[in-house]
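# Chains, contacts and geometry: an overview
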Amino acid sequence: MKLIIGNKNYSSWSLRAWLAAKQSGLSFEEILVPLFGEQWEQAKQDDSGLSPSHGKVPILWDEETVVWDSLAIMEYLSDKVGRDRFWPKDDTARGMARAMVAEMHSSYGSLRSECPMNVRKRFQGAQISEATRQDVVRILGLWAEARARFGAGGPFLFGTFGAADIFYAPVVSRFLTYGFQVPGFAEGYMQAVWEHEWLAEWIAAAEDEEWVLEQYDSIAAE
C-alpha cells in the first residue's frame, strides 16, 4: 500500500490517515507531497498523483483500489484487518465513538479555520471567536463523557487507543499550539496522545520539515 500525505506540520487530515494506517498494522509506503509547492501543483496534474481526490490529501493506494478522505481510509483499513482494532467492542461505547468521529469529520468549522494545525508552533494569547470557543467547549464535553463512561481501560477516550483518538489527535495538537486552558482530565488525555509513540514519530518528522507556510505560521499574530 501507498499513503500520499501532505506536510506533517500542517496537514491534520494526513495525520488522521497516517495514524489509521499505523493502527491497521499493515505495511505501507509513505509518500509526502508538500502542500502548495511545485510538487503539489505537478502532482495535481499527474494522473498517478493527487487527481482521484481533485488535489487533496490523504490518498491510500492499495493495488487497484484508491481511497481518499481520512474517514474512508480508516474504514477501508478496518474492513481489511478487523473493526475491533479501531472501534470499542462494547455496542454502547462503539456507538458513541462512531458518533464522535462523525462529528469531528463534519463539524467544528470555526476551530479549523481560526486555529489550523501547526505542530511546531506555540502561540501565546491567541484570540478566538465565540464560535470557536463553543467548538472547544463541545469537544471537551465529549472527551469528558467518553473518559467517564468508557475510559477505565487506559488513558485514551475509550480506554485503549482507537478511532476516536485518531480523529481527535489533530485537535490535541491545536489545543497545545494555541495555548488553550483545559481541565485536568483533558490535560491528562492530551499528554497520553502527545506521548504516544506514533505521535512522537510524526512530531519529530514535522520538526525536521524544511517547508514553512507563512499564512499558517503568522495567523495568531494578527
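This report concerns the structure included in the present document.

## Some thoughts on the packing of aromatic side chains
Counted according to the given criterion, the structure contains 11 aromatic pairs. Ring centres of tryptophan 143 and tyrosine 168 lie 6.3 Å apart, and the angle between their planes is 80°; this geometry places the pair in the edge-to-face category. With a gap of 25 residues between them, tryptophan 143 in helix 6 (residues 130–150) and tyrosine 168 in helix 7 (residues 163–177) connect regions that are remote in the sequence. When the ring centre of tryptophan 13 is taken as reference, the NZ or CZ atom of arginine 16 above it lies at 4.2 Å. The ring of tryptophan 87 has arginine 98 lying over it, and the distance from NZ or CZ to the ring centre is 4.4 Å.

## A word on the pairing of strand 2 (residues 29–32)
Note: strand 1 (residues 2–5) against strand 2, 4 bridges, orientation parallel. Across the sheet, the residue bridging to isoleucine 4 is isoleucine 31, located in strand 2. Regarding the hand of the β-α-β motif, the stretch spanning strand 1, helix 1 (residues 12–24) and strand 2 is right-handed.

## Brief notes about helix 4 (residues 91–106)
For helix 4, with 16 residues, the first-to-last C-alpha span of 23 Å sits near the 22 Å given by 1.5 Å per residue. Among all positions of helix 4, only Ala93, Met96, Ala97, Met100, Val101, Glu103 and Met104 are buried. Within helix 4, the buried residues cover an arc of 160° as seen down the axis, which keeps them to one side. With respect to the buried face of helix 4, the exposed residues turned more than 90 degrees away are Asp91 and Ser106. Where helix 4 is buried, its residues meet helix 1, helix 3 (70–81), helix 5 (109–114), helix 6 and helix 7.

Conventions and cut-offs
Residues numbered from 1 in each chain as written. Predicted model: local features only at pLDDT ≥ 70, side-chain atom pairs only at ≥ 80, totals over all residues. Heavy atoms only, no water. Phe/Tyr/Trp six-rings, centres within 6.5 Å; stacked < 30°, edge-to-face > 60°. Helix = DSSP H or I, 4+ residues; strand = E, 2+ residues; numbered from the N terminus. Lys NZ or Arg CZ within 6 Å of the ring centre and 35° of its normal. Pairing = 2+ DSSP bridges. Right-handed = clockwise from strand over helix to strand, strands pointing away. Expected span 1.5 Å × (residues − 1). Buried < 20%, exposed > 50% of the residue type's maximum accessible area, 1.4 Å probe, protein only. Arc of directions from axis to C-beta. Contact = heavy atoms within 4.5 Å.

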